[in-house]
There are 2 protein chains.
Amino acid sequence: MEGIKLTDLQKTLVEKLGVVFEHAGSQPAPSRVLSLLLVADNTELTFDEIWQTLKISKSAASNAINLLLTTNKIEYITRTGNRKRYFRSRITSWREEMRNSLHGLLHVSKLYQEVLDQRPKSTKEFNASLKDVIEFTEFLHQELDSIFLKWELRKKK
Amino acid sequence: MEGIKLTDLQKTLVEKLGVVFEHAGSQPAPSRVLSLLLVADNTELTFDEIWQTLKISKSAASNAINLLLTTNKIEYITRTGNRKRYFRSRITSWREEMRNSLHGLLHVSKLYQEVLDQRPKSTKEFNASLKDVIEFTEFLHQELDSIFLKWELRKKK
DNA sequence: TATTTAGTTCATAATTTGCAGAACTAAAGA
DNA sequence: TCTTTAGTTCTGCAAATTATGAACTAAATA
């Protein structure tokens, strides 16, 4: 048996999502692995199921999976008396990932501050915008929890 | 004269920012052009100043500039009796750009909805997370203006 | 001890990307 | 009309990125 069975719709979705992830900066193979783990009926797939279903080489799958593991996009579980690893998307930790993305923006912010520090005082509007971006990013980072909270309150209703 | 003069700090900042933009998915030359327009004392630079300062070819500069123009990262102004275009960063429209980024996320959200629509009902927690991501993205999109507002109120104090 | 399993690593091979250089163009000026 | 200016467009190439297949490995099983 070669990989898992996907409907035509599922195959299309894997490719469409794959392209979206590529545009977001991810490589082709990792993008497709991640997509497959979102689209497949079974959310926990083995190494063999992944490369056989996506029709990519074992080495491409190995590299893709390890990249996704180190970037915390996926994780794996094991089962007693079974050497296989079952890989799954970490979508359930999406809040955590969003926080991390914002942390990345904070790093850009620090660079913007360095830029601002060395700018001539004369370009007032420009400098003010730069300062706005820096401050708003920091604000967003501080506010994230209360934004989550507000959303959860609204959701309950 | 070859391009504009940059201090060593400015040169370093152009490269550091350039790398950051590259990590965000932008190509090398557009990244450097965008960085230069943030770092240079003069916020409005001509085509010749850009390629000569960055030591890239005219074609690389032309392509980079046009890409940045079509993605609304930069704009240009002209001056009477002068055929040159003066390019500048659109950083002052950063709110608009943020709104657009969120709009892009909304597009991903639509795909996630397609994924969710075809998923088996049995993977409850997984599906719930997917739904959360979709709904939170929409929430954020709706809330953006009031988040801006809250930030501006806080800023005044 | 031999074999199978679940991957990993390595040496390329195949694309893809991004840039340079040169030729080109359209408008303005001399 | 010739030249200059302010770019654009068109190859061609070098480098970087990705993928492949085959050989390898370490643990478990027979």
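Shown above is the structure to which this text applies.
Everything quoted here is computed from the prediction, not taken from an experiment.

Calculation rules
Residues numbered from 1 in each chain as written. Chains lettered and ligands numbered in written order. Predicted model: local features only at pLDDT ≥ 70, side-chain atom pairs only at ≥ 80, totals over all residues. Heavy atoms only, no water. Helix = DSSP H or I, 4+ residues; strand = E, 2+ residues; numbered from the N terminus. Rg over C-alpha atoms; globule rule 2.2 N^0.38 Å. Buried < 20%, exposed > 50% of the residue type's maximum accessible area, 1.4 Å probe, protein only. Contact = heavy atoms within 4.5 Å. Areas by Shrake-Rupley, 256 points an atom, 1.4 Å probe, with all protein chains shown as cover. Lys, Arg positive; Asp, Glu negative; His and termini not counted. Charge placed at Lys NZ, Arg CZ, Asp CG, Glu CD. Near = heavy atom within 4 Å. Polar contact = N/O pair within 3.5 Å; in protein donor to acceptor, adjacent residues only side chain to side chain. Nonpolar A, V, L, I, M, F, W, Y, C, P; charged D, E, K, R; others polar. Buried area = accessible area lost by both parts, 1.4 Å probe. Salt bridge = Lys/Arg side-chain N within 4 Å of Asp/Glu carboxyl O. Least-squares fit on C-alpha atoms with pLDDT ≥ 70 in both.

Looking at the overall build of chain A
Then step 1. Helix and strand counts for chain A stand at six helices and two strands.
Then step 2. Tracing chain A from N to C terminus, the helices and strands come up as α-α-α-α-β-β-α-α.
Then step 3. In terms of overall size, chain A is more extended than a compact globule, its C-alpha atoms giving a radius of gyration of 21 Å where 157 residues would be expected to give roughly 15 Å.
Then step 4. Taking the principal axes of its C-alpha atoms as reference, chain A extends roughly 70 × 40 × 35 Å.
Then step 5. Within chain A, the proportion of its 157 residues that are buried is 42%.
Then step 6. Long-range pairs, those at least 24 residues apart, make up 49% of the contacts in chain A between residues at least 6 apart in sequence.
Then step 7. Working note: accessible area of chain A is about 9,000 Å², and carbon and sulfur atoms make up 53% of it.
Then step 8. Here chain A holds 25 positive side-chain charges and 20 negative ones, and the gap between their average locations is 3 Å.

Overview of the environment of Glu2 of chain B
Then step 1. With respect to the element layout, Glu2 of chain B can be found in the segment before helix H1 (8-23).
Then step 2. Considering only alpha carbons, one finds Glu2 of chain B and Lys55 of chain B, 53 residues apart in sequence, at a separation of 9.2 Å.

A few points about the protein's contact with DNA strand D
Then step 1. The environment of DNA strand D is formed by 16 residues, the closest being Ser59 of chain A together with Lys58, Ser62, Arg83 and Arg85 of chain B.
Then step 2. Sugar plus phosphate, as a fraction of atoms of DNA strand D within 4 Å of the protein: 58%.
Then step 3. Contact between DNA strand D and Ser57 of chain A: a phosphate oxygen at 2.8 Å from a main-chain N or O atom of the residue.
Then step 4. Separating a base nitrogen of DNA strand D from a side-chain N or O atom of Lys58 of chain B is a distance of 2.7 Å.
Then step 5. Elements that contribute at least two residues to the surface near DNA strand D include exactly helix H2 (28-39) and helix H4 (58-70) of chain A together with helix H4 (58-70) and strand E2 (82-89) of chain B.
Then step 6. Counting residues per element, the surface near DNA strand D draws most heavily on H4 of chain B, at four residues.
Then step 7. Partitioning the surface near DNA strand D into residue classes produces five nonpolar, six polar and five charged.

Brief notes about the side chain of Gln118 of chain B
Then step 1. Positionally, Gln118 of chain B belongs in the loop between helix H5 (94-117) and helix H6 (124-156).
Then step 2. Looking at Gln118 of chain B, the relative accessible area reads 16%, which means it is buried.
Then step 3. When neighbours within four sequence positions are excluded, Gln118 of chain B is seen to be in contact with Leu9, Gln10, Leu13 and Val39 of chain A.

Thoughts on the interface of chain B and chain A
Then step 1. Taken together, the contact pairs 47 residues of chain B with 48 residues of chain A.
Then step 2. Buried surface at the junction of chain B and chain A, both sides included, amounts to about 4,400 Å², of which 72% is carbon and sulfur.
Then step 3. On the chain B side of the interface with chain A, the three residues burying the most area are Phe126, Phe136 and Trp151 of chain B, jointly 14% of the side's total.
Then step 4. At the surface where chain B touches chain A, the tally comes to eight salt bridges.

Quick word on the relation of the copies chain B and chain A
Then step 1. Mapping chain B onto chain A leaves a residual RMSD of 0.2 Å; the transformation is a rotation of 180° accompanied by 0.0 Å of translation along its axis. In short, the pair behaves as if placed about a two-fold rotation axis. Within chain B, Gly25 of chain B has its C-alpha nearest the rotation axis, a separation of 2.6 Å.
Then step 2. Most of the interface of chain B is mirrored in chain A, where 100% of its interface residues again form contacts.

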